[in-house]
Amino acid sequence: MAVLAEQVRVEKALNQAEKKKLIFLICSVLLFSVMNGTMFMIAIPDIALSFSLSPSQVSWVVTGYIVIYAIGALMYGKLADIYPLKRLLTIGLSFFAFGSIFGFFAPNFEGVILARIIQAAGASSIVALVFIVPIRYFPEERGKVLGIVSSTMAFASGVGPVIGGFVAGALNWQYLFLISAFVLLTIPFFWKWMPDEQKNEGKVDILGAAFIAIAVATLILFITLFNWWFLLGSILFFGLFTRRIMTHDNPFIRPDVFQNSSFRTTIFSGFLAIMTMFGMMFMLPLMLSEVNGLNTLYIGLTIFPAALTAAFAGNVAGSLSDRWGGKRVVYVAFILMISGFLLLSTFSGSPAWVIGAVVLTSYIAFPFLQTGTASLISSSLPKNEIGVGMGIYNLFNFMAGAFGGAIIGKMLDYDSEVLLNPLSMAQGPAIIYSNVFIGLIGLTLVNGCFFYFSLRRKTE
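Residues numbered from 1 in each chain as written. Predicted model: local features only at pLDDT ≥ 70, side-chain atom pairs only at ≥ 80, totals over all residues. Heavy atoms only, no water.

> Any details on the packing of aromatic side chains? Residues and values, ideally.
Taken as a whole, this structure holds 18 aromatic pairs when the rule is applied. Ring plane angle 85 degrees and centroid distance 5.0 Å describe the contact between Phe 104 and Phe 105, whose orientation is recorded as edge-to-face. Classification of Phe 104 as buried rests on a relative accessible area of 18%. Judged by relative accessible area, Phe 105 falls into the exposed class, the value being 62%. (Phe/Tyr/Trp six-rings, centres within 6.5 Å; stacked < 30°, edge-to-face > 60°. Buried < 20%, exposed > 50% of the residue type's maximum accessible area, 1.4 Å probe, protein only.)

Below is the structure:
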């Protein structure tokens, strides 16, 4: 009750101008956080060339970042239930900026990896906490603000490759680090514009946090490197974590969080949906390169209009979430995903401008999906568990992205001469892409049925 009363007090204390400033601020740092990941994916070939690295070696620039980013999102989410958001963001932004500056001056590849790890330890605070800000400070406009946040993520994922390509091409890949260092300038504004909060009762179960961190890290490493020892390690530490939360008086995650059927359904369904969406985003540049023969810059420019459209669609998703509720917005996301995947399957092998047009529908689904699922999670958990709940949500999103990329990568290794979509005119290498998009439609249909029937049983 004390936490709820504090949130109501904060909501009433913020006037409209202060709310706009705070929304602008959180979206600004989120833009840097998401762009930081996509920009460096574009720069991987240049980094490998600079240090004479093999593909497996240079992949740690991305793999190391993802591992720490996923773990950090969960940790900051848990800490947000206890400590003021202003303090946590200050720590996170400081790490992010320091890692960025260190990376710019890194003399060797080991220094670059260390810089990326420090960056991830800070950047993960942003993605974890900006989803909590609308829930905590804007309860009456939660859906609208979540929609703006989701729009920012969609826009950043699209503009990142474009900016990364320009900067790395015109200057050097090291200058990508300097772009992210600008987040340091936002810290004074967070202290000025973000509401003051008191520390809540509670403490963090350090051993439980260590168990889940190692379990998640080894699982992601298994997904990306396919080393079975990592899978065995992940199973072991997930077992230790499960035993810990069942026996400890104050566990890192309370077991009753997972006993909440609405939360479980949304997390699992969201995982499958994000996995298909990231699979599509992973596959699209490969298709534009292999089938259409585009270079990195033109791939980014082809995708950019879809990302920009998704940014505007987030406002619509947020308004509908406030009016209809998160569940209906998720249904809209599923419809958009199925329609978008069907269009991409049908027009695989078409000119790049056609692909750029039809991918709009798939990208628009992203803010609807994130807004709807985040809204559902926030409404299904007690106020004092929303932080760790959103941390789990973000953790599953990152793991879904890793799964999606790994699975799609394996599927694209196989050639196919059988075209599953009778509407498609795909030929040669475009056939396998068309078929994989049909597979994504099937997975989305199964996921939609699971989501519908699981939530319907709860309301009956």
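> Describe the environment of Trp 173, and please don't skip the residues or the numbers.
In this fold, Trp 173 is placed in the loop between helix 8 (142-170) and helix 9 (175-181). Trp 173 gets classed as buried once you look at its relative accessible area, which sits at 4%. Contacts of Trp 173, omitting those with residues within four sequence positions, involve Ala 43, Asp 46, Ile 47, Ser 50, Phe 51, Val 112 and Ala 168. (Helix = DSSP H or I, 4+ residues; strand = E, 2+ residues; numbered from the N terminus. Contact = heavy atoms within 4.5 Å.)

> Lay out the packing of helix 8 against helix 17 (residues 352-380) in plain terms, naming residues and giving numbers.
Between helix 8 and helix 17, whose axes approach to 9 Å, the crossing angle comes to 140 degrees. Relative to helix 17, the element helix 8 is oriented oblique. Between helix 8 and helix 17 the crossing geometry is right-handed. Two secondary-structure elements touch here, helix 8 through Arg 142, Gly 143, Leu 146, Gly 147, Ser 150, Ser 151, Met 153, Ala 154 and Ser 157 and helix 17 through Tyr 363, Phe 366, Pro 367, Gln 370, Thr 371, Ala 374, Ser 375, Ser 378 and Ser 379. Its residues placed into classes, the contact of helix 8 with helix 17 shows 7 nonpolar, 10 polar and 1 charged. (Axes fitted to C-alpha atoms, helices over the stretch in contact; angles between N-to-C directions. Parallel < 35°, antiparallel > 145°, perpendicular 65-115°, else oblique. Left-handed = near helix turned anticlockwise from the far one by under 90°. Nonpolar A, V, L, I, M, F, W, Y, C, P; charged D, E, K, R; others polar.)

> Which residues make up the side chain of Lys 78, and what values do they have?
As for its position among the elements, Lys 78 is in helix 4 (residues 60-80). Buried and unpaired, Lys 78 has no salt bridge, with Asp 81 as the nearest side chain of opposite charge at 5.3 Å. Dropping the residues within four chain positions of it, Lys 78 is found in contact with Pro 251, Phe 252, Gly 387 and Val 388. (Lys, Arg positive; Asp, Glu negative; His and termini not counted. Salt bridge = Lys/Arg side-chain N within 4 Å of Asp/Glu carboxyl O.)

> An account of the side chain of Thr 90 is needed here, citing residue identities and associated values.
Positionally, Thr 90 belongs in helix 5 (residues 85-104). In terms of polar contacts, Thr 90 uses its side chain to reach the backbone carbonyl oxygen of Lys 86, at 2.8 Å. Polar contacts involving the side chain of Thr 90 include one to the side chain of Trp 191, which spans 2.7 Å. When neighbours within four sequence positions are excluded, Thr 90 is seen to be in contact with Ile 187 and Trp 191. (Polar contact = N/O pair within 3.5 Å; in protein donor to acceptor, adjacent residues only side chain to side chain.)

> Lay out the pattern of salt bridges with the relevant residues and their values.
This model, assessed by the stated rule, comprises 3 salt bridges. As a salt-bridge pair, Arg 244 and Asp 205 come within 2.8 Å of each other at their nearest N and O atoms. Highlighted residues: Arg 244 in helix 12 (residues 228-247) and Asp 205 in the loop between helix 10 (187-193) and helix 11 (206-225), separated in sequence by 39 residues. Neither residue differs from the other here; Arg 244 and Asp 205 are each classed as buried.

> Can you lay out the packing of helix 14 (residues 261-290) against helix 18 (residues 386-411) for me, pointing to particular residues and giving the numbers?
At a closest axis distance of 7 Å, the pairing of helix 14 and helix 18 adopts a crossing angle of 40 degrees. Classified by the interaxial angle, the pair formed by helix 14 and helix 18 is oblique. For the pair helix 14 and helix 18, the crossing hand works out as right-handed. Grouping the amino acids of the contact of helix 14 with helix 18 by side-chain chemistry returns 16 nonpolar, 7 polar and no charged.

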